[in-house]
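Next come the chains, spelled out residue by residue.
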Amino acid sequence: MNYSSIPAPYKKITPGYMLLIIVSTFAFSFIYYGIALVFNDNPMIMFDYVVFTCVLAVVVTGGYQIFFWVQNNNYFFKTKCLVTKLDKIIPFWPSWVWPYSFIYYIMIGMVVIEINSLSDGLYHVFGGLLVLLSQAICFMIFPCRVPESYRNYKVNSLSKRFLKFVQHLDNGRNCFPSMHNSVAAYVGLVLLPSIGIWSFNFIAVIAISSVLVKQHTVLDIVPGLLLGWGIHLCLIHISEPT
């Protein structure tokens, strides 16, 4: 299999997809409001969660179009493979796909517990957008993949079917730095005031799962963590009053 000749699954915005986004937006507004009532001592009013979720839906939809566009166009530079001897020792453990691509998205949604105003929410969304744009630039100028053998396995379990679905959404040239780890670091640090040490547990679990499901090599992990941490740190300094 030649990764350099495989187009990414570029997602077009169809009317059905738009309807799903609209319905989901209002549904998630109620979910976010309910979560905030439980975990936030000073939640926003319900209408503010509708506004925030609408903005989030637009950013996520547009952001992932950038992500998929990059995957279809990052052929300007030779694709690298950063596999190390340590990667060859680490076993393939497909059941770790559940924290990698299930708990991961649940924790992203939990950012809502840190939002006390629309300005807070916009700062967090802007930070996530900076992470995405930074990753897209890296993927364009330094496309990396894991060894082809990492994606050649017999699909004989629910975990492997889920992992194969996850892998279907990319073309394998977006490994460095690990976007999962940059987002996990950013989200974990945002949630740190609320959940404490569990933030670092979440970041560590995503880092470990990234190499156990063979979506990334060891060398992809630390740069991804540093990227998420750096963007979070920059936003803190920018948002602090002078």
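Residues numbered from 1 in each chain as written. Predicted model: local features only at pLDDT ≥ 70, side-chain atom pairs only at ≥ 80, totals over all residues. Heavy atoms only, no water.

Visitor: Please clarify how the side chain of Gln-215 should be interpreted in this entry.
Guide: For Gln-215, the location among the structural elements is in the loop between α8 (197-212) and α9 (218-239). Since its relative accessible area comes to 6%, Gln-215 is described here as buried. Residues in contact with Gln-215, not counting those within four places in the same chain, are Tyr-100, Val-146, Arg-151, Leu-163, Val-166, Gln-167, Asp-170, Cys-175 and Ser-210. (Helix = DSSP H or I, 4+ residues; strand = E, 2+ residues; numbered from the N terminus. Buried < 20%, exposed > 50% of the residue type's maximum accessible area, 1.4 Å probe, protein only. Contact = heavy atoms within 4.5 Å.)

Visitor: Quick question: what am I supposed to make of the side chain of Glu-114 here?
Guide: Here Glu-114 is to be found in the loop between α4 (97-109) and α5 (118-141). No salt bridge is formed by the buried Glu-114. Its closest oppositely charged neighbour is Arg-151, at 32 Å. Setting aside its immediate chain neighbours within four residues, Glu-114 contacts Asn-40, Asp-120, His-124, Val-190, Leu-191, Pro-193 and Ser-194. (Lys, Arg positive; Asp, Glu negative; His and termini not counted. Salt bridge = Lys/Arg side-chain N within 4 Å of Asp/Glu carboxyl O.)

Visitor: Looking at this structure, how should I read α5?
Guide: Side chains of residues three or four places apart in an α-helix project in the same direction, reflecting 3.6 residues per turn. Here α5 is 24 residues long and its end C-alpha atoms lie 35 Å apart, about the 34 Å a rise of 1.5 Å per residue gives. Regarding α5, the residues found buried are Gly-121, Val-125, Gly-127, Val-131, Leu-132, Gln-135, Ala-136, Phe-139 and Met-140. Those residues of α5 that are buried are in contact with α2 (46-73), α7 (179-195) and α9. (Expected span 1.5 Å × (residues − 1).)

Visitor: What is the right way to look at the packing of α7 against α9 in this model?
Guide: The angle between the axes and the distance between the axes are what describe a pair of packed helices. Their axes nearest at 7 Å, the elements α7 and α9 cross at an angle of 40 degrees. Regarding the angle of α7 to α9, the classification is oblique. In this structure, the crossing between α7 and α9 has a hand that is right-handed. Counting all contacts with α7, which are made through Asn-181, Ser-182, Ala-185, Tyr-186, Leu-189 and Val-190, the residues of α9 involved are Ile-221, Gly-224, Leu-225, Leu-227, Gly-228, Trp-229, Ile-231, His-232 and Leu-235. Broken down by class, the residue content of the contact of α7 with α9 amounts to 10 nonpolar, 5 polar and no charged. (Axes fitted to C-alpha atoms, helices over the stretch in contact; angles between N-to-C directions. Parallel < 35°, antiparallel > 145°, perpendicular 65-115°, else oblique. Left-handed = near helix turned anticlockwise from the far one by under 90°. Nonpolar A, V, L, I, M, F, W, Y, C, P; charged D, E, K, R; others polar.)

Read these as geometric descriptors, not functional statements.
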